[in-house]
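The residues making up each chain are set out below.
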Amino acid sequence: MAQALDIDRWNLECEFNNTDHRTDLNGVDRLIVRRGQPFSISLYLRSGIYQPGDSSLDFVAETGPQPSEQYGTRASFGLSANIDTSRWSATVTSPPGDMVALSVCSAPDAPIGRYTLTLGQSGQIEFVLLFNPWCPGDAVYMDNEQSLAEYVLSQDGIIFRGSYKYPISTPWNFGQFESGILEICLRILDMNPKCLKNPGKDCSGRRNPIYVSRVLSAMVNCNDDKGVLLGKWTDGYEGGVSPMFWRGSVEILRNWDTQACQPVRYGQCWVFAAVACSISRALGIPCRVVTNYLSAHDNNSDLVIERYINENGELIQSREMIWNYHCWVENWMTRPDLKSDFNGWQASDPTPQEKSEGVYCCGPIPVKAIKEGELAFKYDAPFVFAEVNADVITIMKKKDGNTSKVTSTTVVGQKISTKSVGSDTREDITHLYKYPEGSDEEREAFKKANHQNKLLQQQENEGLHITIKVSSDMRKGCDFDVFAVVTNNTQSEKKCRLVFGSCAMSYNGFLGKNCGFKDLLNVELSPGEERRVPLRLNYSKYGVLLTEDNLIRLAVLLMDYSTQETTLAVRNIVLDNPEIKVRILGEPKENRKLAAEITLKNPLPEPLENCCFSIEGANLTAGLVISERLLGSSVGPGEDAKVKMYFTPTHSGLRKLVVDFDSNKLCHVKGYRNVIIGK
């Protein structure tokens, strides 16, 4: 009969294993491995030696508070001749002797999380098991090294904001491997209501990335649970900080963890999405943040946004909105619950907008299902389909209570964007969500989705045409002109009323006060004539009205006296913040103090007070935010705000130093510098 090994002590070979499993950036002081991939343990025997065939060792791997073989949260196995990467297995890789080199492999569909592994009668070891996108047997397998470097291992990125005519890159520090972040991500899973209600079943569900990403979509917001972030879109940010304050996810996750799982105040869509991306990457699910410009919020699933305006072309607020942009995440995984064509990127949205199965969460839904109009697929296909495809109907409410339909050309779902793999440029992924406009495939998708409105649309009457043109130089602090361009494409003289208005707006469509207004009662146009009508926007007026989004909504309403038809053109413009310049002083090397000279020129015609620069970067600032105030001095118009800041990089490679500038008049201007750290 085989003799049980008498084990004295062991070495978990954390540095070797964590490096081999690409988890070493979490540190090498404990064992963190990925599923479906062997790891090594060295055993030192108290007595006897290991003899093949004569020695035995039994293993039990367990996760969660109620481990059971039925739930897949407990596995018993012994030594075998070879490793079997399709299930829990172990083998000896060393010759007979008093040191035994073990190779242990977890099942590629084992639940992720904290594990104990019992070694016969000799003791227990502890380790953390993560998803493994490098393992062909794992549901999150991704067969491209450059994509894995970006979507799993990269700790920083770019999120696109601004407007679809002018996308703006915002740097973000995901920081998923910073000290303590993995523990916090596992705690988020443990705090989810499904786990609190039935921990055994929840831990079993953690084998499935569909389940995990749906849980994360609910837990990043705090609307039904002890989630991470509280959203706020109106009326100031008392009791917390503006969502624009954040430069990365690390501070948010740590604040949630240290404040007894109280929600961090405040987030908006890009913050929710960025935090979800950090957690997904930390757990091993490939993830990216995407931005949908002119994103529809359809709350009654009819795929139509009804937009009401008054007789000045000003929007009347309603629950159904068009957001200037909206961010969500995509996670990469197979969908064994659907047909195999729907593997790959799955959209998931942690921003609390509508309830799904009674909870504020959304997705995961295959991006391909949105493109094909498969609205019965799980989860939440109609809501996401509407975000990129809803039809917009504009209705004018008149003072006498009557309403009339207004011709308008707003198309939702523009320039869907994400950061390119391996560079900071924008990748346009609109084609993954929708077929080319007017194509047969688009009609097929609309038929499947029963999108009647879009199917019935005829080419709008091209009689009177209006567009809004802008000048290239729209910087915050300047006065500038915008233009309504009216063209008479008919054979007859036209007499019209033209109302040209502008107002500050926030990115989710809420409107502020008027920044400039013109009402021309008598615009005459001969056949074929084009007329440009300028509207001057003065900083003295718009400066105090702008939100931190720097957005102004321009609207032109044209009323044809002869036909009584009304046409509306809308354009959201985003004003440029000044550039932050970052100069690195000295040669960047691992574990050597480095200085950065950071400069911002004041573009405003008034002084800046209370100026403060903040920096953070994964493996650059030791997981901390470093801040420097300009003491006592104001920065006059055209003058430079300048500081020298110090930090010590901890790892070599390409890293992103994220910079934030804040003051009384310029709030949370973002910048960054890529730094290559040498060994």
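Structure first, text after, so check above.
A brief report on the enclosed structure follows. (Residues numbered from 1 in each chain as written. Predicted model: local features only at pLDDT ≥ 70, side-chain atom pairs only at ≥ 80, totals over all residues. Heavy atoms only, no water.)

All right, on to helix H6 (residues 209-219) then. Of all eleven residues making up H6, ten are buried, and the element is well covered by its neighbours. Contacts made by the buried residues of H6 are with helix H3 (181-190), helix H4 (193-197), helix H5 (199-205), helix H8 (269-283), strand S19 (321-333) and strand S20 (344-348). Regarding H6, its N-cap is Asn208, as a side-chain oxygen of that residue lies 2.9 Å from the backbone nitrogen of Ile210 further along. (Buried < 20%, exposed > 50% of the residue type's maximum accessible area, 1.4 Å probe, protein only. Helix = DSSP H or I, 4+ residues; strand = E, 2+ residues; numbered from the N terminus. Contact = heavy atoms within 4.5 Å. Polar contact = N/O pair within 3.5 Å; in protein donor to acceptor, adjacent residues only side chain to side chain.)

The next thing to look at is the packing of aromatic side chains. Scanning the entire structure with this criterion turns up 21 aromatic pairs. On the numbers, 5.5 Å between centres and 45° between planes, the contact of Trp88 with Tyr115 is tilted. Of this pair, Trp88 sits in the loop between strand S7 (74-78) and strand S8 (89-92) while Tyr115 sits in strand S10 (residues 113-119), and the two are 27 residues apart along the sequence. For the pair formed by Trp88 and Tyr115, the shared burial category is buried. Each member of the aromatic cluster is reached from another via a ring pair, and the members are Trp233, Trp270, Phe272, Tyr293, Trp323, Tyr325 and Tyr507. Looking at Arg187, its charged tip hangs above the ring of Trp256, at a distance of 5.7 Å from the centre. Positioned over the ring face of Phe245 is Arg247, at 4.8 Å from the centre of the ring. (Phe/Tyr/Trp six-rings, centres within 6.5 Å; stacked < 30°, edge-to-face > 60°. Lys NZ or Arg CZ within 6 Å of the ring centre and 35° of its normal.)

Here we come to the sheet that holds strand S29 (residues 511-525). Strand order across the open sheet formed by eight strands is S18-S17-S22-S23-S32-S31-S28-S29, with mixed pairing between neighbours. Each end of this open sheet is capped by a strand with a single partner; those strands are strand S18 (315-316) and S29. Two strands pair when backbone bridges link them, and strand S22 (residues 391-397) and strand S23 (residues 403-408) are joined in this way by four bridges, in the antiparallel orientation. Paired with Met396 across the strands is Ser404, a residue of S23. (Pairing = 2+ DSSP bridges.)

The analysis is restricted to geometry; functional conclusions fall outside its scope.
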